[in-house]
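Analysis of the macromolecular model
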Amino acid sequence: MKISVLTLFPEAFAWLKDYSMIGRAIEKGALDLDIVQIRDFADNKHKKVDDYSFGGGPGMVMAPQPLFDAITSLPDRPKVYYLSPQGRVLDQEKLFSMKEEKNIILLNGHYEGIDQRVIDELVDEEISIGDYVLSGGEMASLVIIDGISRLLDGVLSSEESYMDESHMGGFLEFPQYTRPADFRGLKVPEVLLSGHHEKIEDYRLYQRMKKTLLKRPDIFEKISLNEKEEKVYRQIKNDLEKGGQSN
Ligand code: SAM
């Protein structure tokens, strides 16, 4: 997959080839990261990319010319995602649909944002990483690049599979523990040391559902429970009412 990042701050992406799953995705050839300096496309002597806002108001706006030319210079007319606090809020489902694209552009705004005509004419979708305002799209692009990298074929090993992770169309992930089994008196739940796969599965399902109920009850509105999950759900409710836990 090719991701072209249009930015005024290419240095924000300089370290990525050495970073975790993004580095691995690049090394394996699953990800081709193309960092494009928008300023290079400014057709004025001083390479100015912003101007005041018509109608007044504080702050500068990124001008249309460098953005039009930067976007249309890229071959194959990739889908253009503009990072914006006004966009659809990113989630795992969106990352999955993005990673299916062969070629995308992540357009990073700065200052007060970009001229509306760029959005109207060239942007396919606006994406936000949350209901707060950043000073530029770069941090949001980094989030997206990382989220996509680990979903690309061959990047995670089978042991590192993302299928059981939180937000994979089901409950949040179960709690994880590693050695030692007893850390300063803090013990790993006995069942995880038992080697009894069925019991471990039951324990994990209970924990996933309980975590989800306590942290993100809204997720239950999107999931239909099977018979076993219904039973576990009733048990968790019961246990919580009693103030304890049976699993
Ligand atoms: N004036 C704009 C508004 O109120 O909608 C905010 C501009 S913001 C200071 C500058 C740039 O940061 C935006 O053009 C966008 O690219 C990026 N940005 C800010 N918050 C973001 C968010 N929550 N998600 C994605 N990008 C964001």
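Residues numbered from 1 in each chain as written. Predicted model: local features only at pLDDT ≥ 70, side-chain atom pairs only at ≥ 80, totals over all residues. Heavy atoms only, no water.

Labelled according to an unreviewed UniProt entry, the protein chain appears under the name tRNA (guanine-N(1)-)-methyltransferase, originating from Urinicoccus massiliensis. Listed in UniProt under the heading Subunit (unreviewed entry), the comment for the protein chain reads: "Homodimer." Recorded in UniProt under Sequence similarities (unreviewed entry), the annotation for the protein chain is "Belongs to the RNA methyltransferase TrmD family." (UniProt positions renumbered as here; feature names shortened; annotations may be inferred.)

This part is about the packing of helix α6 (residues 197-215) against helix α7 (residues 227-242). Where α6 contacts α7, the axes come no closer than 10 Å and their chain directions differ by 60 degrees. Considering only the axes of α6 and α7, their crossing is right-handed. Taken together, the residues of α7 that come into contact with α6 (itself represented by Asp202, Leu205, Tyr206, Met209, Lys210, Leu213 and Leu214) are Lys228, Glu229, Val232, Tyr233, Gln235, Ile236, Lys237, Asp239 and Leu240. Class assignment for the residues of the contact of α6 with α7 results in 9 nonpolar, 1 polar and 6 charged. (Axes fitted to C-alpha atoms, helices over the stretch in contact; angles between N-to-C directions. Helix = DSSP H or I, 4+ residues; strand = E, 2+ residues; numbered from the N terminus. Left-handed = near helix turned anticlockwise from the far one by under 90°. Contact = heavy atoms within 4.5 Å. Nonpolar A, V, L, I, M, F, W, Y, C, P; charged D, E, K, R; others polar.)

Turning our attention to the UniProt feature "binding site: S-adenosyl-L-methionine" (unreviewed entry) in the protein chain. The sites that carry the UniProt feature "binding site: S-adenosyl-L-methionine" (unreviewed entry) are, in the present numbering, Gly109, Ile129, Gly130, Asp131, Tyr132, Val133 and Leu134. Using a relative accessible area of 7% as the deciding quantity, one classes Gly109 as buried. Look past the residues within four positions of Gly109 in its chain and what remains in contact with it is Met62, Tyr82, Ile114, Ser135, Gly136, Gly137 and Glu138. Checked against the element boundaries, Ile129 lands in the loop between β7 (125-128) and α5 (138-149). Classification of Ile129 as partly exposed rests on a relative accessible area of 22%. Every residue in contact with Ile129, bar those within four places of it in the chain, is listed here: Leu90, Leu134, Ala140 and Val143. (Buried < 20%, exposed > 50% of the residue type's maximum accessible area, 1.4 Å probe, protein only.)

On to the pattern of salt bridges, then. The tally for this structure, following the rule as stated, stands at 13 salt bridges. With a closest N to O distance of 4.0 Å, Lys2 and Asp34 form a salt bridge. You can see Lys2 sitting in strand β1 (residues 2-7) and its partner Asp34 sitting in strand β2 (residues 32-37), a full 32 residues away along the chain. Across the pair Lys187 and Asp182 runs a salt bridge, and its minimum N-O distance is 3.7 Å. The exposure class of Asp182 is partly exposed, given its relative accessible area of 39%. (Salt bridge = Lys/Arg side-chain N within 4 Å of Asp/Glu carboxyl O.)

What follows deals with the site of the ligand. Residues in contact with the ligand amount to 21 residues; listed here are only the nearest, Tyr82, Leu83, Gln86, Tyr132 and Leu134. In this structure, Tyr82 approaches the ligand through a side-chain N or O atom, which is 2.6 Å from an oxygen atom. Protein coverage of the free-state accessible area of the ligand, which is 590 Å², stands at 86%. Listing elements by their share of the shell around the ligand, those giving two or more residues are β5 (79-89) and β7. Across the shell around the ligand, the residue classes tally to 10 nonpolar, 10 polar and 1 charged. (Near = heavy atom within 4 Å. Polar contact = N/O pair within 3.5 Å; in protein donor to acceptor, adjacent residues only side chain to side chain. Areas by Shrake-Rupley, 256 points an atom, 1.4 Å probe, with all protein chains shown as cover.)

Our focus in this paragraph is the nonpolar core. Formed by 31 residues in total, the largest nonpolar core has its most connected members in Ile3, Leu106, Ile144, Ile145 and Ile148. Going through the elements one at a time, β1, α1 (20-27), β5, α3 (92-99), β6 (103-108) and α5 are the ones with two or more residues in this core. Residue contributions to this core peak at 5 residues, all from α5. Apart from residues lying up to four places away in sequence, Ile144 is in contact with Leu83, Leu90, Leu95, Met98, Leu106 and Ile127. (Core = buried A, V, L, I, M, F, W, Y, C linked by side-chain atoms within 4.5 Å.)

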